[in-house]
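Analysis of the macromolecular model
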Amino acid sequence: MCRRNAPEPSPGEGTPLKYGWAILAFLLIGVSPPNQADGLRVTINLPAYSLRLFDGDELVMERPVTIGAPEHPTPVGRWRVERLIWQPNWMPPPSVSAGRAEPVPPGPDNPMGAVKLPLTGAIYLHGTERRGRLGQPASHGCIRLANEDARALAEHLQRRLLAQADRRRIQRRRQARPDQPVRVRLPEALPVRVRYQPLEMGQGRGVLHPDVYNRIADERSYLRRALARSLGIPAKQLSLTDGELLNRLNGDAEGPLRFDLEID
């Protein structure tokens, strides 16, 4: 399974704080110090195979992902990213190695890709070279981004949360040790919410994604409740006729159905 092992220590922790007086001044006058994670968050919708990074109300990036296969479903929940690892090692899980695993070092043969971001208590969000699997349920439970997208996410977190001197030091270490992991502890945790939401609504338009894990037992009831919630009305006031919306929830359907919502 693509589940996390015990946390690895982060070299460089315990570095003396050089700006203690500045932080104290911020606290005294009631202003948050810089490089806080306030408003910074990631949402992942499994049926949509999508990751979105928000900074306040701004959508910073939206990228396709690979999610867990039906036999290894990606768990839903609220997690945090507290650290990231550039050029990570990979320990093959028992399902792949039959219990005789050797760590795979950083490089093109490493399925962890360019960078991995552990989600607390759960799984990894990591890069991949397998672009053809994006938008598919094909992992052992982890969430995969294309390597360039994983790099962009990690670099945005560093720009947002780390001082420039720290970012330069990390870059020097990555360049000096391209065959070894470089671990970065984030000063503020990044909230990550993983959802299972086949129906997405906004401004009178909707997208219905296939029920990839076959979790919707009553399609008509689910759609009625989800549509009513988006409209802000009681579900009993909404009726649905047979049609493509109901049929599209079938897990065998190909791709999402986009529609405009018209109310009679």
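Residues numbered from 1 in each chain as written. Predicted model: local features only at pLDDT ≥ 70, side-chain atom pairs only at ≥ 80, totals over all residues. Heavy atoms only, no water.

Looking at the overall build of the protein
Counting its regular elements, the protein contains 6 helices and 13 strands. Looking at the 264 residues of the protein, the share that counts as buried comes to 42%. Taking all contacts inside the protein whose residues are at least 6 apart in sequence as the whole, residues at least 24 apart take part in 65%. Accessible area of the protein: about 14,900 Å², with a carbon and sulfur share of 49%. (Helix = DSSP H or I, 4+ residues; strand = E, 2+ residues; numbered from the N terminus. Buried < 20%, exposed > 50% of the residue type's maximum accessible area, 1.4 Å probe, protein only. Contact = heavy atoms within 4.5 Å. Areas by Shrake-Rupley, 256 points an atom, 1.4 Å probe, with all protein chains shown as cover.)

What to know about the sheet that holds strand β5 (residues 77-86)
Spatial ordering of the open sheet is given by β3-β2-β1-β10-β5-β6-β7-β9, a layout of 8 strands whose pairing is mixed. On the outer flanks of this sheet lie β3 (58-64) and β9 (143-146), each paired with one strand and no other. Across the sheet, the axes of successive neighbouring strands diverge by a mean angle of 30°, strand direction being ignored. Where strand β2 (residues 50-55) lies against β3, 6 bridges are found, and the strand directions are antiparallel. The partner of Leu-53 across the bridge, within β3, is Met-61. Helix-sheet contacts for helix α3 (residues 147-161) involve β1 (40-45), β2, β3, β5, β6 (115-118), β7 (124-128), β9 and β10 (182-195), and the interaxial angle to β9 is about 95°. (Pairing = 2+ DSSP bridges. Axes fitted to C-alpha atoms, helices over the stretch in contact; angles between N-to-C directions.)

Some points on the confidence of the model for the protein
Looking at the protein, pLDDT values average 81 and 75% of them are 70 or higher. Element-level pLDDT for the protein is lowest in helix α1 (residues 20-29), with a mean of 33, against a maximum mean of 98 in β9. In this model, residues 5-36 is a region of pLDDT below 50 whose contacts with residues beyond four sequence positions or in other chains number 27 contacts. (pLDDT = per-residue confidence, 0-100.)

A word on the nonpolar core
Among the nonpolar cores identified, the biggest contains 43 residues, and Val-42, Ile-44, Leu-84, Trp-86, Leu-117, Leu-153 and Val-192 are the most heavily contacted of them. Looking at this core, the elements with two or more residues in it are β1, β2, β5, β6, β7, β9, α3 and β10. The element that contributes the greatest number of residues to this core is β10, accounting for 6 residues. Excluding residues within four positions of it along the chain, Val-42 makes contact with Leu-51, Arg-52, Leu-53, Leu-153, Leu-190, Pro-191, Val-192 and Arg-193. Among the nonpolar cores identified, the runner-up in size contains 10 residues, and Leu-199, Leu-223, Ala-228 and Phe-259 belong to it. (Core = buried A, V, L, I, M, F, W, Y, C linked by side-chain atoms within 4.5 Å.)

Things to note about the side chain of Asn-45
For Asn-45, the location among the structural elements is in strand β1. You can call Asn-45 buried: its relative accessible area is 2%. The contacts of Asn-45, once residues within four sequence positions are left out, are Ser-50, Arg-195, Tyr-196, Gln-197, Glu-200 and His-209.

Topic: the packing of aromatic side chains
Aromatic ring pairs are defined here through the distance separating the ring centres and the angle between the ring planes. Enumeration over the complete set of coordinates arrives at 1 aromatic pair. Each ring, one from Tyr-196 and one from Tyr-213, has its centre 5.7 Å from the other, and the planes form 15°; the classification is stacked. Here Tyr-213 lies in the loop between β12 (205-208) and α5 (219-231) and Tyr-196 lies in the loop between β10 and β11 (199-202), a separation of 17 residues in the sequence. Here the two residues Tyr-196 and Tyr-213 agree in accessibility, since each one is buried. The ring of Trp-86 carries the charged tip of Arg-174 above its face, separated from the ring centre by 3.5 Å. A cation over a ring is seen here: Arg-215 above Tyr-196, with NZ or CZ 4.9 Å from the ring centre. (Phe/Tyr/Trp six-rings, centres within 6.5 Å; stacked < 30°, edge-to-face > 60°. Lys NZ or Arg CZ within 6 Å of the ring centre and 35° of its normal.)

What about the sheet that holds β12?
Think of a sheet as strands paired side by side through backbone hydrogen bonds, with each pair either parallel or antiparallel. Strand order in this open sheet of 3 strands is β11-β12-β13, and the pairing throughout is antiparallel. A strand with exactly one partner marks an edge of an open sheet, and here the two such strands are β11 and β13 (257-260). On average, each strand axis in the sheet is tilted by 15° relative to the strand beside it, whichever way the strands run. Relative to β13, β12 runs antiparallel, the two sharing 4 bridges. Pairing of Gly-206 across the sheet is with Phe-259, part of β13. Taken strand by strand, α5 contacts β11, β12 and β13, and its axis lies near 20° from that of β11.

Some thoughts on the environment of Pro-256
For Pro-256, the location among the structural elements is in the loop between α6 (244-248) and β13. Residue classification places Pro-256 among the partly exposed positions, given a relative accessible area of 40%.

Considerations on the pattern of salt bridges
Once their charged atoms are close, side chains differing in charge can pair, the charge on each being opposite to the other. This model, assessed by the stated rule, comprises 7 salt bridges. A salt bridge links Glu-148 to Arg-131; its shortest N-O distance comes to 2.2 Å. Of this pair, Glu-148 sits in helix α3 while Arg-131 is found in the loop between β7 and β8 (137-139), placing the two residues 17 residues apart along the sequence. Glu-148 sits in the partly exposed class, given a relative accessible area of 41%. For Arg-131, a relative accessible area of 47% gives the class partly exposed. Asp-166 is the salt-bridge partner of Arg-169, the closest N and O atoms lying 2.5 Å from each other. Placement of both Arg-169 and Asp-166 in helix α4 (residues 164-176) is noted, with a separation of 3 residues, approximately one turn of the helix. The class of Arg-169 is partly exposed, set by a relative accessible area of 37%. With relative accessibility at 27%, the residue Asp-166 sits in the partly exposed group. (Salt bridge = Lys/Arg side-chain N within 4 Å of Asp/Glu carboxyl O.)

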